Amino acid sequence: MSTPNLDAFVFWFEHNGGYIDNERVGFHVFPPAEGGRGAIALQDIPEGHTLFTIPRSLVISTRTSLLPERFGPDEWKNRQLNQGWAGLILCMMWEATQGKWAPYLDTLPTEFDTPMFWTESDLNALKGTSVVDKLGKADAEQDYAGKVLPAIQSRPDLFQPELIPVHYSLYQYHVMGSRILSRSFNVEKWEDEVGDDEPAAQNSCMDVDDPAPLVSANSDSPERAHGEEVAEEDEEEEGEDASDISMVPVADLLNARYEAENAKLFYEENELKMVATKRIMKGEQIWNTYGDLPNAELLRRYGHVDLVPLSTGEQGNPGDIVEVGADLVVDVVSKRYDHSSVVADERIEWWLEEGGDDIVVIEADLEIPPALISLIKLLSFSSDEWRKVRGKGKPPKPKLDSATVDIIKDVLVRRLQQYPTSLQDDEMALSGELSLNLRNATMVRLGEKRILHGALQAMQEVHFENPKRKRDAMVSSAKTNKKARQQ
Ligand SMILES: C[S@@+](CC[C@H](N)C(=O)[O-])C[C@H]1O[C@@H](n2cnc3c(N)ncnc32)[C@H](O)[C@@H]1O
């Protein structure tokens, strides 16, 4: 199957040591809603079959680009280009003006459907979701103005001043950052290569909350996948290295869909291998995984949402989640018990110190997270109970009781009010004409609201034995608590 814009690239790839099993793997242009370019099985492919291999020398990272060496390794570090994504972005901008990777870089998208490039009015459609807060646009712009542009201007021998507006502009910085966000892999050094003086884990400039991209192509632990989240603590523990972030030609041509993965990248000493992880039938798409992310994250990083048939008969993403801010929980509990902000501040500070999070996540299984129950209890406690719990040094047990259920219901209702539209509004909007951005934003909101409504209904169905006695007991205990707190 010929994909004209890829032919020169595939020629370059194969002439530089890359291998593609052309008898079994073809590239194909799917409709934009299905991902655009992707790979397809030209024949039945058995599990374990190598689909293509990429020599490490064709991977772009701050380790393989010549720029850090030419810039001067010490100066590179002094300017903090070894931290986060700034260094790789600069390498990619520079390599685009050089020869080696041009046929690859020329195939990468220059336009994105990610909210990073949306207008303010489209961004309003994401109000209530966590997408906008996580865009990291301001951080990226600060990195560009604070370290990248000064580095560029300091070396006219490497970065021709007249090329700055074309190849090294802020817009190009965002384009390269978005390419990394949606296509990069985390390729560690081969074990023998690892030196003693590895730099510590680095934060990303674009990805404010969970900096590490994407696939760990590791033959020992192939679980982490393209786009998969890696908690910051894990990164530190594992010693994640900004120079692992890599652009991997051909591997980044695979699309992904919820639980459809049938291929995975493994790494070896001299090359990376894309291997079929199950039998792929002729005509089927070859799918990588981006980690079965919720639609909010898929939209933020990749610019699309996943829609698969749900058990309810609707279309949606079973991996959706809703984030509930601890500040909302504090507000609801404080209002209910007439708390002063001092009471809540002290407890929240302790909660965070004890390892609690400032966000709780409700998943599509509608389970109320133990952390939410525990947090509500902590905030609801009388001063005596609070002193006891603090003395023990352990957050309260996440045991549901009717007072907590009532608070959870309030929290869910208030969380729903953070969206400017209702679930019914969204369903109605989807049945009409919408631009791609607004359709995607509506799907993100709808997925989150379905979880909130489902959780609310589940809470409404919770009944404790002898509810009257319990409720009375809870009312009097709430009054007692309030009294104790006022003392
Ligand atoms: C790693 S690239 C995959 C190759 C890409 N299709 C291309 O043409 O270069 C990731 C991008 O592919 C697109 N994509 C991947 N899976 C998709 C899907 N299930 N639905 C829609 N777009 C998808 C998104 O634009 C995403 O940012």
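The structure this text deals with has already been given above.
Since the structure is predicted, the reported quantities are computational estimates derived from the model, not experimental observations.

Novice: Any chance you could break down the environment of Lys-449 for me, citing the residues and the numbers?
Specialist: Mapped onto the fold, Lys-449 is located in helix α18 (residues 436-460). Relative accessible area serves as the criterion here: at 0%, Lys-449 is assigned to the buried category. Distance in space between the C-alpha atoms of Lys-449 and Thr-129 is 9.8 Å, their sequence separation being 320 residues. With residues near it in sequence (within four places) discarded, Lys-449 still touches Leu-416, Tyr-419, Thr-421, Ser-422, Leu-423 and Asp-426.

Novice: So what's going on with the sheet that holds strand β4 (residues 50-55)? Residues and values would help.
Specialist: Across the sheet, four strands lie side by side as β1-β4-β10-β9; this open sheet has antiparallel pairing. With partners counted over all chains shown, the strands left at the sheet margins are β1 (19-20) and β9 (263-267), one partner each.

Novice: Mind laying out the side chain of Ser-243, listing which residues take part and the relevant values?
Specialist: For Ser-243, the location among the structural elements is in the loop between α10 (232-238) and β7 (245-246). With a relative accessible area of 12%, Ser-243 lands in the buried category. At 3.0 Å, the side chain of Ser-243 and the side chain of Arg-63 are in polar contact. In this view, Ser-243 contacts Ser-61, Thr-62 and Arg-63; residues no more than four positions away in its chain are not counted.

Novice: Can you lay out the environment of Leu-88 for me, pointing to particular residues and giving the numbers?
Specialist: Inspection of the secondary structure puts Leu-88 in helix α4 (residues 86-95). In this structure Leu-88 comes out as buried when scored by relative accessible area, which is 3%. Taking the C-alpha atoms as reference, Leu-88 lies 9.4 Å from Met-247; in sequence the two are 159 residues apart. With sequence-adjacent residues up to four places away left out, Leu-88 is seen in contact with Ile-60, Ser-61, Thr-62, Ile-180 and Ile-245.

Novice: Which residues make up the packing of aromatic side chains, and what values do they have?
Specialist: On inspection of all chains with the given rule, the structure shows twelve aromatic pairs. Both rings, one in Phe-112 and one in Phe-117, keep their centres 5.5 Å apart while their planes meet at 15°; by these two values the pair is stacked. Judged by relative accessible area, Phe-117 falls into the partly exposed class, the value being 27%. On the numbers, 6.1 Å between centres and 65° between planes, the contact of Trp-190 with Tyr-267 is edge-to-face. With Trp-190 in the loop between β5 (185-186) and β6 (215-216) and Tyr-267 in strand β9, the pair connects residues that are 77 residues apart, well separated along the chain. Judged by relative accessible area, Tyr-267 falls into the buried class, the value being 5%. Following the ring pairs from residue to residue traces out a cluster consisting of Phe-9, Trp-12, Phe-13 and Tyr-104. A cation over an aromatic ring shows up here: Arg-56 above the ring of Tyr-267, its NZ or CZ 4.9 Å from the ring centre. Positioned above the aromatic ring of Phe-71 is the side chain of Arg-155, whose terminal nitrogen or guanidinium carbon lies 5.7 Å from the ring centre.

Novice: Go over the pattern of salt bridges, please, and point to the residues and values.
Specialist: Scanning the entire structure with this criterion turns up 22 salt bridges. The salt bridge partner of Asp-252 is Arg-183, with a shortest N-O separation of 3.3 Å. Of the two residues, Asp-252 sits in the loop between β7 and β8 (255-256) while Arg-183 sits in helix α9 (residues 170-183), which places them 69 residues apart along the sequence. Among the residues examined, Arg-183 registers a relative accessible area of 10% and is labelled buried.

Novice: So what about the site of the ligand? Which residues, and what values?
Specialist: Around the ligand, the surrounding shell holds 15 residues, and the nearest of these are Gly-35, Arg-37, Asn-255, Ala-256 and Tyr-302. With respect to the ligand, the backbone of Ala-256 contributes an N or O atom lying 2.7 Å from a nitrogen atom. Bound to the protein, the ligand loses 87% of the 560 Å² it would expose on its own. Going through the elements one at a time, α9 and β8 are the ones with two or more residues in the shell around the ligand.

Novice: I'd love a proper account of the sheet that holds strand β2 (residues 25-29), names of residues and values included.
Specialist: Strands in a sheet are paired, the pairing made by backbone hydrogen bonds, and the direction either parallel or antiparallel. Overall, mixed pairing links the four strands, which are arranged β2-β3-β11-β8 in an open sheet. In the strand order of this sheet, the two ends are held by β2 and β8, each with one partner. As paired elements, β8 and strand β11 (residues 285-288) share two bridges and run parallel to each other. Looking at the pairing, Ala-256 lines up with Asn-288 of β11.

Rules of the game
Residues numbered from 1 in each chain as written. Predicted model: local features only at pLDDT ≥ 70, side-chain atom pairs only at ≥ 80, totals over all residues. Heavy atoms only, no water. Helix = DSSP H or I, 4+ residues; strand = E, 2+ residues; numbered from the N terminus. Buried < 20%, exposed > 50% of the residue type's maximum accessible area, 1.4 Å probe, protein only. Contact = heavy atoms within 4.5 Å. Pairing = 2+ DSSP bridges. Polar contact = N/O pair within 3.5 Å; in protein donor to acceptor, adjacent residues only side chain to side chain. Phe/Tyr/Trp six-rings, centres within 6.5 Å; stacked < 30°, edge-to-face > 60°. Lys NZ or Arg CZ within 6 Å of the ring centre and 35° of its normal. Salt bridge = Lys/Arg side-chain N within 4 Å of Asp/Glu carboxyl O. Near = heavy atom within 4 Å. Areas by Shrake-Rupley, 256 points an atom, 1.4 Å probe, with all protein chains shown as cover.

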